[in-house]
Amino acid sequence: MKAIRRFSVRPVLPEPLRPLSDLAHNLRWSWHPETRELFRRADPDGWRACGGDPVRTLGTVSARRLEELAHDRDFLERLSAAAADLREYLTEPRWYQRAEDELPAAVAYFSPEFGITAALPQYSGGLGILAGDHLKAASDLGVPLIGVGLLYRHGYFRQSLSRDGWQQEHYPVLDPNELPLEVLREPGGAPVRVDLRLPGARTLRAHVWQARVGRVPLLLLDSDVEDNAPRERDVTDRLYGGGSEHRLLQEMLLGIGGVRAVRAYCRVTGHPEPEVFHTNEGHAGFLGLERIREMSGEGVPFDTALEAVRAGTVFTTHTPVPAGIDRFDRELVARHLGDDGELPGVDVEQVLRLGTETYPGGDPGLFNMAVMGLRLARLANGVSTLHGAVSREMFAGLWPGFDAAEVPITSITNGVHAPTWTADEMRALPAGAGGAELWETRRTLREHLVHEVRRRLHASWRQRGASDAELGWIDGVLDPDVLTIGFARRVPSYKRLTLMLRDRERLTELLLHPTRPVQLVVAGKAHPADDGGKRLIQELVRFADDPRVRHRIVFLPDYGMAMAQKLYTGCDVWLNNPLRPLEACGTSGMKAALNGCLNLSVRDGWWEEWYEPDFGWAIPTADGGGPGAAHESAQDRQRRDDIEAAALYELLREHVAPCFYDRGPGGDGLPERWIEMVRQTRQRLGPKVLADRMVREYTERLYSPAARAHRALDAAAAGRLAAWKARVRAGWPRVAIDHVESVCESVELGGSLSLRVRVALGGLEPDDVEVQAVAGRVDESDSIAGDEAVRVPLKPSGGPEEDGSRLYEGPLTLDRTGPFGYTVRVLPSHPLLADPAEMGLVTLPPDDLGAREAAGVLLR
Ligand SMILES: *Cc1c(COP(=O)(O)O)cnc(C)c1O
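Note that the coordinates shown come from a computational prediction; the quantities given were computed from them, not determined experimentally.

**So, the confidence of the model for the chain**
Step number 1: Across the chain, the average pLDDT comes to 94, with 97% of residues at 70 or higher.
Step number 2: Segment residues 854-860 is flagged for pLDDT under 50; beyond a separation of four residues in sequence, or across chains, it makes 18 contacts in the model.

Laid out in structure tokens, this is it:
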């Protein structure tokens, strides 16, 4: 019989066991092995049955067992030690509390997904896992972050396979009462409620659930509440599901509702208000509009509120792939945010302008969340050095007149949370452990993986309709002594799940090599609407089903954090072959590296930055170096896949496998070079890939300056800045460079030029602008290389000329030999601008000024 409603009965813990409840409800257990061990001991079978989830374990443990534990001295001692440890962790001063800088009182961090533990499945892939690692590292460092997201009643989806290898999606219902969550309540006990007004006099209501991630609260908005109409109840049904309007409602709830949830949280707990709002990708961008609305309610004009809000906003872009960026129909946005919708009192035309794609090739009918993100944030970043450069190119059109190198988007390379992603066995290994010990630990982890793979494969085949009697072969799948390669990630086309299948014969030879075989573990989910991705999975599954190779290659369904933790730790080599430069960063290879797994990857994302021959292998790419992967023809793509796949096979056969199987002259020693690479990876690469390092960088380079700007730009100062910008913008068309003169004694290294520039300022004051000389190496077409150029401000000299123009002067040092050129330009200048390019205004010399004269002197 099917129950019509389910609920879970919470256990009543005997008095001495009460601290178990606090330990279960703080997700720090997910990166604290001692706490996990405590729950495992409490009920080993229950712990295993529910996949290592303390809240569920407590929900199923019998009353008799609880009575027993309440009198178990050893258990009680461990319990009290774990409870004391958590208390200390939550209250002691940490890095942030010891920092000298004036740091923000609090930072709100918004993300559409959070991957903290398999027990709270609210993520689809890298973006969510990164957000989870960000919160955990913030907690470890004492950064006062408040996480904000949505609670999806079905999470993403669970993946299984049909008999013929087609992806099947399941959406199990999550009961928040069985999750490590508590409802956020008003002091009187009623749940905090967040309301949004929708067109057609509808209301979207949400409750707020709170998860505790160590010291960091995570607020998750949930629309599945009884006083919502059915349509509105479904707003938070699934992550990345539904059509455009559904997505818009989710993002309104996340951004607008999220700010209201933060306000409520601070009100009821006394937590300091955030001075900085950080949006992880564009999905939460409406948070800026809500804060503008808050100020509008106090009578602050839009432009002023925009300046004040921007000051404390940080935007991180995560992808150069267009499908990763949300774009809505303008009309849909107008309807939801206009007078009939959620932001009454805020001029919807002004809002629409924020999301308009004002660059060549932009679509005037669309509202782009990333573009709005960039305009609403004073500071923005990409997630690896290469991705920073690619993003500056991609969005350069928003700053016309500036070279891509000057686009104000910086980069902070992602990191991963070591306590979450390092195997206990690796962590226990002393830094100075010998080669034999290291190799033995690697083998142990590989063996664990082999067992895990067989278990999962068996379950998958049962699910695909096979009987136990047909599955005896699974006991011989994978070998704990064979070189093991992992490949697991989401399945968008740029990640090229099936590149390894390009030449099946060559792959088969590698798998079945008589003395140096490799074995492959593959996993990944395709987005439910992506049939192309599902076809790739099917191709791979069909290949792996072949009895000739099925003991050496497996596809495991339902890739998620629990599987990932086994995979990264048990593989010898982590494979990544994206179409460069479309992998913004990639983090799975970092997690693998923490466990001494070597990387074999296209030089994209983080691997472009930190690749060294001691850490693994670089698959050569045939991309020609430009950011053009998205515009390649189908034929180019095919050619490129052929070249890169051939390079991959070659590397595996000639370098990776020989290195792994090189057991010294007698053939019975250790693979010395391999072990050395494992050691180098752990010791030298390990410290770079940490989320700790990443969160410190965010704090020092983005949060701290954003908090300073937020404090400097109170409503009065923001009003002055807005007025100044309006005046400069109005006067700018009349700013012109009338004349450039240079005097040069000698064009030798170390010499200098004296520059004198006459500038018409229109109605602007000399202080409103900076006149700059830009100099550097030039190419055949006299373009100055943007990333190496020097920029020298020139000084105003004398009073106004008769026609009102002004003179600016200064020396320019000739500090390099070879072709050299300069130009001059005028930029807006104000102490509260984050960047000279911020307003997208610049005046260059007119073309007819005499190209040669203006471009300067050539030195040979
Ligand atoms: C780390 C991780 C990812 C992201 O991996 P990429 O290398 O960025 O593709 C995706 N899913 C899970 C479960 C992860 O742990």
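After that view of the structure, there is still more to cover.
**Let's talk about the side chain of N414**
Step number 1: Along the chain, N414 falls in the loop between strand 16 (410-411) and helix 17 (418-421).
Step number 2: Excluding its chain neighbours within four sequence positions, the residues that come into contact with N414 are L130, V383, C585, T587, M590, R693 and M694.

**Re the site of the ligand**
Step number 1: In the region of the ligand, 15 residues are neighbours, and K495, Y568, T587, S588 and K591 sit closest.
Step number 2: Here the ligand loses 96% of its free accessible area of 390 Å² to cover by the protein chains.
Step number 3: Those elements that place two or more of their residues in the shell around the ligand are helix 8 (126-141), helix 22 (561-570) and helix 23 (588-594).
Step number 4: Broken down by element, the shell around the ligand gets its largest block of residues, 3 residues, from helix 22.
Step number 5: When the residues that make up the shell around the ligand are grouped by side-chain class, the tally is 6 nonpolar, 6 polar and 3 charged.
Step number 6: There are two domains that each give the shell around the ligand at least three residues, and those are domain 2 (95-411) and domain 3 (419-626 + 644-689).

**Notes on the UniProt feature "domain: DUF3417" (unreviewed entry) in the chain**
Step number 1: In this structure's numbering, the residues bearing the UniProt feature "domain: DUF3417" (unreviewed entry) are residues 13-120.
Step number 2: As a span, residues 13-120 carries 56% helix and 6% strand, and end to end its C-alpha atoms are 23 Å apart.

**A look at the sheet that holds strand 23 (residues 735-744)**
Step number 1: The 4 strands are arranged 23-24-28-27 in an open sheet whose pairing can be described as antiparallel. The outermost strands of the open sheet, each flanked by one partner alone, are strand 23 and strand 27 (795-797). Averaged over all pairs of adjacent strands, the angle between their axes in this sheet comes to 30 degrees, without regard to strand direction.

**Some details on the domain arrangement of the chain**
Step number 1: Each assigned domain of the chain is listed with its residue range as follows: domain 1 (16-91), domain 2 (95-411), domain 3 (419-626 + 644-689) and domain 4 (733-859).
Step number 2: Distance between the C-alpha centres of domain 2 and domain 3: 34 Å.
Step number 3: Taken together, the 37 residues of domain 2 in the interface contact 44 residues of domain 3.
Step number 4: Of the roughly 3100 Å² buried at the junction of domain 2 and domain 3 (both faces included), carbon and sulfur atoms supply 56%.
Step number 5: At the surface where domain 2 touches domain 3, the tally comes to 3 salt bridges.
Step number 6: Linking domain 2 with domain 3 are 15 residue pairs in polar contact (both at pLDDT 80 or more).
Step number 7: Listed by contribution, the elements that provide at least two residues to the side of domain 2 that touches domain 3 are helix 8, strand 5 (158-161), strand 6 (167-170) and helix 16 (385-394).
Step number 8: The residue makeup of the side of domain 2 that touches domain 3, split by class, is 15 nonpolar, 15 polar and 7 charged.

**Regarding the pairing of strand 28 (residues 806-813)**
Step number 1: Examined bridge by bridge, strand 24 (residues 752-761) and strand 28 share 8 bridges and lie antiparallel to one another. From the neighbouring strand, R756 faces strand 28, where its bridge partner is E809.
Step number 2: Sheet analysis places strand 27 next to strand 28, joined by 3 bridges and oriented antiparallel. Across the sheet, K795 pairs through a bridge with E809, a residue of strand 28.

**A word on unusual backbone geometry**
Step number 1: A cis geometry characterises the amide bond from R580 onward to P581, with omega recorded as 0 degrees.
Step number 2: In this structure, Y240 takes a positive phi of about 55 degrees despite not being glycine.
Step number 3: Looking at the secondary structure, you find Y240 in the loop between helix 9 (230-233) and helix 10 (244-269).
Step number 4: Taking relative accessible area as the criterion, Y240 reaches 15% and is therefore assigned buried.

**Some words on the nonpolar core**
The tendency in soluble globular proteins is for nonpolar side chains to be buried side by side.
Step number 1: Of all hydrophobic cores here, the largest spans 95 residues; its most connected members are F110, L221, M252, F286, L289 and L337.
Step number 2: Mapping this core onto the domain boundaries places at least three of its residues in each of domain 2 (95-411) and domain 4 (733-859).
Step number 3: Of all hydrophobic cores here, the second largest spans 84 residues; its members include I116, L179, L379 and V695.

**Quick word on the pairing of strand 1 (residues 107-110)**
Step number 1: Residues V107 and Y109 line one face of strand 1 and the alternating positions A108 and F110 line the opposite face, and both faces are buried.
Step number 2: In terms of strand pairing, strand 1 meets strand 4 (residues 145-150) through 4 bridges, oriented parallel. Across the sheet, the residue bridging to A108 is I146, located in strand 4.
Step number 3: Inspection of the sheet shows strand 1 paired to strand 11 (residues 276-280) by 4 bridges, in the parallel sense. Across the sheet, V107 pairs through a bridge with V276, a residue of strand 11.

**Examining a negative patch on the surface**
Step number 1: Taken together, D339, D340, D347 and E349 make up a surface patch of like negative charges.
Step number 2: Mapped onto the elements, D347 comes out in the loop between helix 13 (330-337) and helix 14 (348-354).

**A short note on the pattern of salt bridges**
Pairs may arise between side chains of opposite charge once their charged atoms sit close together.
Step number 1: Inspection of the entire model under this criterion finds 68 salt bridges.
Step number 2: Residue R48 pairs with D45 through a salt bridge whose shortest N-O separation is 3.8 Å. Taken together, the residues span about one helical turn, with R48 and D45 both in helix 3 (residues 44-49) at a distance of 3 residues. The exposure classification of R48 matches that of D45, with both residues exposed.
Step number 3: Across the pair R293 and E290 runs a salt bridge whose closest N-O atoms are separated by 2.9 Å. You can see R293 and its partner E290 sitting in helix 11 (residues 286-296), 3 residues apart, about one turn around the helix.

**Some words on the environment of R506**
Step number 1: Following the sequence through the fold, R506 ends up in helix 20 (residues 504-511).
Step number 2: On the accessibility criterion, R506 (27% relative accessible area) is partly exposed.
Step number 3: Through-space distance from the C-alpha of R506 to that of V522 is 18 Å; in sequence the pair is 16 residues apart.
Step number 4: Residues within four places of R506 in sequence aside, it is in contact with A646, Y649 and E650.

Procedures and definitions
Numbers given to residues run from 1 along each chain, matching the order in which its sequence is written. Only residues with pLDDT of at least 70 get local features here, since the model is predicted, and only at 80 or more are side-chain atom pairs given and counted; chain-wide, interface and lining totals rely on the full set of residues. Neither water nor hydrogens contribute to the side-chain values; these are computed over all heavy atoms in the structure. pLDDT expresses how confident the predictor is about each individual residue, on a scale running from 0 to 100. Any pair of residues with heavy atoms lying within 4.5 Å of one another is described as a contacting pair. Helix and strand assignments come from DSSP, with helices taken as H or I runs of at least 4 residues and strands as E runs of at least 2, each series counted from the N terminus. Residues are counted as near a molecule or strand when any one of their heavy atoms sits within 4 Å of it. Per-residue and other accessible areas were derived by the Shrake-Rupley procedure at a 1.4 Å probe size, with only the shown protein chains allowed to occlude residues. Gly is placed with the polar residues, together with every amino acid not listed as nonpolar (Ala, Val, Leu, Ile, Met, Phe, Trp, Tyr, Cys and Pro) or charged (Asp, Glu, Lys and Arg). Throughout, the edges of the domains are those of an automatic or database domain assignment. UniProt positions are given in the numbering used here, feature names are shortened, and annotations may be inferred rather than shown by experiment. Paired strands, in this sense, are two strands between which DSSP finds at least two bridges. Helix axes use the C-alpha atoms of the stretch in contact, all axes being lines fitted to C-alpha atoms, and the angles between their N-to-C directions lie in the range 0 to 180 degrees. Each of two parts loses accessible area, computed with a 1.4 Å probe, when they are put together; buried area is these two losses added. Should a side-chain nitrogen of Lys or Arg be within 4 Å of a carboxyl oxygen of Asp or Glu, the pair is scored as a salt bridge. Here a polar contact means two N or O atoms within 3.5 Å. Within protein one must be a hydrogen donor candidate and the other an acceptor candidate, and residues neighboring in sequence count only if both atoms are side-chain atoms. Burial classes: relative accessible area under 20% of the type maximum marks a residue as buried, over 50% as exposed, and values in between as partly exposed (1.4 Å probe, protein chains only). Put simply, buried Ala, Val, Leu, Ile, Met, Phe, Trp, Tyr and Cys residues joined by side-chain atoms within 4.5 Å make one nonpolar core. Like-charged residues within 9 Å of one another, or nonpolar side chains (Val, Leu, Ile, Met, Phe, Trp, Tyr) within 5 Å, are grouped into patches, provided each residue has over 30% relative accessible area and no salt bridge. Asp and Glu count as negative and Lys and Arg as positive, but His and the ends of the chain are not part of the count. Throughout, a charge is located at the NZ atom of Lys, the CZ atom of Arg, the CG atom of Asp or the CD atom of Glu.

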